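Reading the structure
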Amino acid sequence: MNTPLALTPWPMRVQAGDGQFVFTPTTCLVADAAAAPTAETLAAQLRLRTGMPLPRPDQRPASGAVVLALNPQLAHLGAEGYRLVVTATAVDLQAPTAAGLFWATQTLYQLLPAAAGAAGAGVAIPAVIIEDQPRFGWRGLMLDTGHDYQHLSFIYRFIDLMVLHKFNRLHWHITDLGTWPLEIDGYPRLQDPCTLGTRRRGTPPRGVKPGRYTHAQVREVVAYAAARHVTVVPEIDMPGHSAPALMAYPEFDCPVPHRTWEWERWEYCVGQERTYDFLHAVLSQVMALFPSPYIHIGGDECPKDHWRLCPVCQARRQAEGLADEDELQSWFVRRIERFLNAHGRRLIGWDEILEGGLAPDATVMSWRGVGGGIAAAQAGHDVVMAPTSHTYFDYPETTTSVAKVYQFEPVPAELSAAQARHILGAQAQMWTDNHPTEAEIERLVYPRACALAEVVWSPAAARDADRFAACLAAHAQRLAALGLDITGA
Ligand SMILES: [Zn+2]
C-alpha cells in the first residue's frame, strides 16, 4: 500500500487492491431486506459525504453499486465480523449477522477521504479486501450522568462517535453523589431541584448540573443505540454513592445520626425491608427500560460507617451470621443479584463486590487496577477490565496519555488460557466529578478512545504505534469534520 488507510480501529486483515471505486450520480445502494435498516443509515452517511443521491434499486446493476448482504457462509467471522471488498466496479459488504454488516459500514465510512469538503467532486475509495472481527465482545465507554446531567443531544452524539470506533457498550452511570436524573415512577422527589436545594441535612456538592430523563426519552436513546448495535448497560449505584436518593427519601437511610455530612459517606440502610421495596421498584423500572442482559449495581466505595452504628443493620448482620460489614455488603449484593437473576438479568459491579465474597453469577468490572479482575477470572467469573491506570479518561492527558492507553493489555499474563476467556473486554470511564462541560467531555474522551478502540477491537499482534499515529493524524480530519478537534493533545 502506498498510502496507509486511515482506519481505526485497524482491521484483522487488510489487503490492498488495484484502482479505486468512484461515487457518481448513478452509484446505487442495494440491500436485501434483512440489511435494510443498516443500509438506510449508510445511505444517509454516504449521501452526506459524497453528495451523490445513492438511489436504491431492487436489483443489483452490472456495476456501480454498493451492496449489503447477510451471508451465513461467513459465520467463521463470528457475531460481529464482516468482509468488505472494494473493486473499481462495486463495493460489497457481507457479514453473517446484522451487527457485522453494521461494523462493515463504519469501515466503509472510514475509507472515504478523511478531509471534509470533498463531496460532489467524484469521491473515491481505494480498492481493498478487508476481513475483520473484534478481539473482544465488550468494547465499552462509560458516561457518568450521576455527578452531572448531560443533555440528550450530547448522549446521541456520544453514541455516534462510539460507533465510528466500533464500541458496542455504552455503560450509562446514571446515578451517583450529585444527581439522580432517571425518572422513577412513585418517587418523584429524586429529581426535585427543590429537594436538592433545600435539604436540611448536608450541602450538595458544588457545581452539579441536575436534570431529568423521562422513560420515553430513555427508550428512544436505547432504541437509537440498538439500531447501531450498541447495548446500553445501565448503572444504578448502590449501596453507596446514593446521597441524592437518601436526601430525597431519608426513610431509606440508617436511623442513626450522621457522623459526617460528606456526600461520599452515605449508604442505604441494608437492614430494613423498605430499602429493598425501593430498590426493587427502581430495578424493575430499569429492567423495563433497558433490555441489556447486564444490570450494573455499582457496589463501589461504600463507607459502611452507618451500618456499624445502625441497630437495624447490625440485627440483620447477626441474623444472617455475617462476620463483618464487608460480609453484610456481600449479602446485600447477593440479594440484589437474586432479584436480577429472577428477572432473567445478570449482575455486574465494580471490583469492591469481591470483598466479603462474590455473588455466584456476578461479573466484575475491575477498576482499582487489574488485580480484582485477575482474582475474579481465576474464580471463574467474567470480567470487564476498566483500570484507573489506563482507562480513566477523566484523568488528564499528562497522567493517561494516548500512547499509554494504546499500550493497555486487557488480558493479564497471570491468567491461564481458560481463565483468560473470562475477560469479556475493556472499557473507558468518563467520570464527571469535576463538572466538565459537554465539549470538555468529548475532548477528554478523544483521541484516547481511538487508542482504546484498537485495544479492544484489533488483534493484539496488529498493535503498531507508528501505523496508529499515522492513522490518527488523518482520522483527526474526519473528527474535525464532525466538529471534534483532537489536535493539540
Ligand atoms: Zn441501617
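All figures in this text were calculated on a predicted structure; none of them were measured in a lab.

Cut-off values and rules
- Counting restarts for each chain, with residues numbered from 1 along the sequence as it is written.
- Totals for whole chains, interfaces and linings use every residue, but because this is a predicted model, local features are given only for residues with pLDDT of at least 70 and side-chain atom pairs only at 80 or more, for both listing and counting.
- Just so you know, side-chain values use all the structure's heavy atoms and leave hydrogens and water out.
- Note on pairing: DSSP must find at least two bridges between two strands before they are called paired.
- Under the DSSP-based scheme used, a helix requires at least four consecutive residues in state H or I and a strand at least two consecutive residues in state E, with every element numbered from the N terminus.
- Structural elements are reduced to axes, namely lines fitted to C-alpha atoms, with helices fitted over the stretch in contact, and the angle between N-to-C directions of any two is expressed from 0 to 180 degrees.
- Each metal's donors comprise the N, O and S atoms found within 2.8 Å of it (within 3.2 Å for Na, K or Ca). Water is not part of the atom list, so some coordination spheres may appear incomplete.
- Only four donors with every angle between 85 and 135 degrees are called tetrahedral; only four or six donors with opposite donors over 155 degrees apart and all others between 65 and 115 are called square planar or octahedral, in that order; all others are irregular.
- Between buried and exposed lies partly exposed: a residue is buried under 20% and exposed over 50% of the maximum accessible area for its type, with that area taken using a 1.4 Å probe on protein chains only.
- Think of it this way: Lys and Arg go in the positive column, Asp and Glu in the negative one, and His and the chain ends go nowhere.
- Salt-bridge detection follows one rule: a side-chain nitrogen of Lys or Arg within 4 Å of a carboxyl oxygen of Asp or Glu.
- For the purposes of these results, a polar contact is taken to be a pair of N or O atoms within 3.5 Å, where, inside protein, one atom must be able to donate a hydrogen and its partner to accept one; residues adjacent in sequence count only when each atom of the pair is a side-chain atom.
- Throughout, a contact is declared for two residues whenever any of their heavy atoms are within 4.5 Å.
- Two aromatic rings, drawn from Phe, Tyr or Trp (for Trp, its six-membered ring), form a pair once their centres lie within 6.5 Å of each other, and the interplanar angle then sorts them: stacked below 30 degrees, edge-to-face above 60, tilted otherwise.
- Charge-over-ring placement is defined geometrically: NZ (Lys) or CZ (Arg) within 6 Å of the ring centre, and within 35 degrees of the ring normal.
- Residue ranges for the domains trace back to a domain assignment, done automatically or taken from a database.
- Note: buried area is the sum, over both parts, of the accessible area (probe 1.4 Å) each one loses when the two are combined.
- Residue polarity is assigned by list, with Asp, Glu, Lys and Arg as charged and Ala, Val, Leu, Ile, Met, Phe, Trp, Tyr, Cys and Pro as nonpolar; anything else, Gly included, falls into the polar class.

With respect to topology, 6 strands assemble into an open sheet ordered β1-β6-β4-β5-β3-β2, the strand pairing being mixed. Of all strands in the sheet, those bounded by a partner on one side alone are β1 (13–22) and β2 (28–31). Sheet twist, expressed as the average angle between the axes of neighbouring strands with direction ignored, equals 15 degrees. The pairing of strand β4 (residues 82–86) with strand β6 (residues 124–132) spans 5 bridges and is classified as antiparallel. By the bridge assignment, Val 86 is partnered in β6 with Val 128.

All right, on to the coordination of the zinc ion then. Looking at the zinc ion, the protein donor atoms are Cys 254 (SG), Cys 269 (SG), Cys 310 (SG) and Cys 313 (SG), and they sit 2.3 Å from it. Metal-centred angles of 106 to 114 degrees between the 4 donor atoms at the zinc ion mark the site as tetrahedral. Spacing between the donor residues of the zinc ion along their common chain follows C-x14-C-x40-C-x2-C. Placement of the pair is Cys 254 in the loop between α6 (243–248) and α7 (273–289) and Cys 310 in the loop between α8 (305–309) and α9 (311–319), with a sequence separation of 56 residues. Here Cys 254 and Cys 310 have matching classes, each one buried.

Our next topic: the side chain of Glu 352. Along the chain, the position of Glu 352 falls in the loop between β11 (346–350) and β12 (363–366). Put simply, Glu 352 is tucked away with no salt bridge, and the nearest opposite charge, on Arg 368, sits 4.1 Å away. For Glu 352, the side chain forms a polar contact with the side chain of Trp 367, separated by 2.8 Å. Discounting residues that sit within four places of it in the chain, Glu 352 has contacts with Gly 299, Asp 300, Glu 301, Gln 329, Trp 367 and Arg 368.

The next subject is the environment of Gly 425. Topologically, Gly 425 is positioned in strand β14 (residues 423–430). Note on Gly 425: relative accessible area 0%, which makes it buried. Excluding residues that lie within four positions of it along the chain, Gly 425 makes contacts with Phe 136, Trp 138, Val 383, Val 384 and Met 385.

Here the structure, examined in full by the defined rule, presents 24 aromatic pairs. When the ring of Trp 172 is compared with that of Tyr 213, the centres are 5.1 Å apart and the planes differ by 70 degrees; the resulting orientation is edge-to-face. Separated by 41 residues along the polypeptide, Trp 172 in strand β8 (residues 169–173) and Tyr 213 in the loop between α4 (193–197) and α5 (215–227) bring together distant segments of the chain. An identical accessibility class is assigned to Trp 172 and Tyr 213; each is buried. Here the aromatic rings of Tyr 187 and Phe 278 are separated by 4.8 Å at their centres, their planes lie at 80 degrees, and the arrangement is edge-to-face. Within this pair, whereas Tyr 187 is found in the loop between β8 and α4, its partner Phe 278 is found in helix α7, the two being separated by 91 residues in sequence. This pair shows no difference in class: Tyr 187 is buried, exactly as Phe 278 is. An aromatic cluster of at least three residues, connected via ring pairs, comprises Trp 180, Tyr 187, Tyr 249, Phe 252, Tyr 268 and Phe 278. Above the ring of Trp 138, the side-chain terminus of Arg 169 is found at 5.2 Å from the ring centroid.

The next thing to look at is the domain arrangement of the protein chain. As far as domains go, the protein chain holds domain 1 (13–132) and domain 2 (138–481). Averaged C-alpha coordinates put domain 1 and domain 2 at centres separated by 36 Å. Across the contact, 17 residues belong to domain 1 and 15 residues belong to domain 2. With both sides pooled, the region where domain 1 packs onto domain 2 buries about 1400 Å², and carbon together with sulfur makes up 57% of that total. Taken together, the links from domain 1 to domain 2 amount to 1 salt bridge. Glu 80 is the salt-bridge partner of Arg 139, the closest N and O atoms lying 2.7 Å from each other. Where domain 1 packs against domain 2, one counts 7 residue pairs in polar contact (both at pLDDT 80 or more). The set of elements that each furnish at least two residues to the side of domain 1 that touches domain 2 consists of α1 (36–50) and α2 (98–111). Here the side of domain 1 that touches domain 2 gets 8 residues from one element, more than from any other, and that element is α2. Here the residues of the side of domain 1 that touches domain 2 are counted per class, giving 10 nonpolar, 5 polar and 2 charged.

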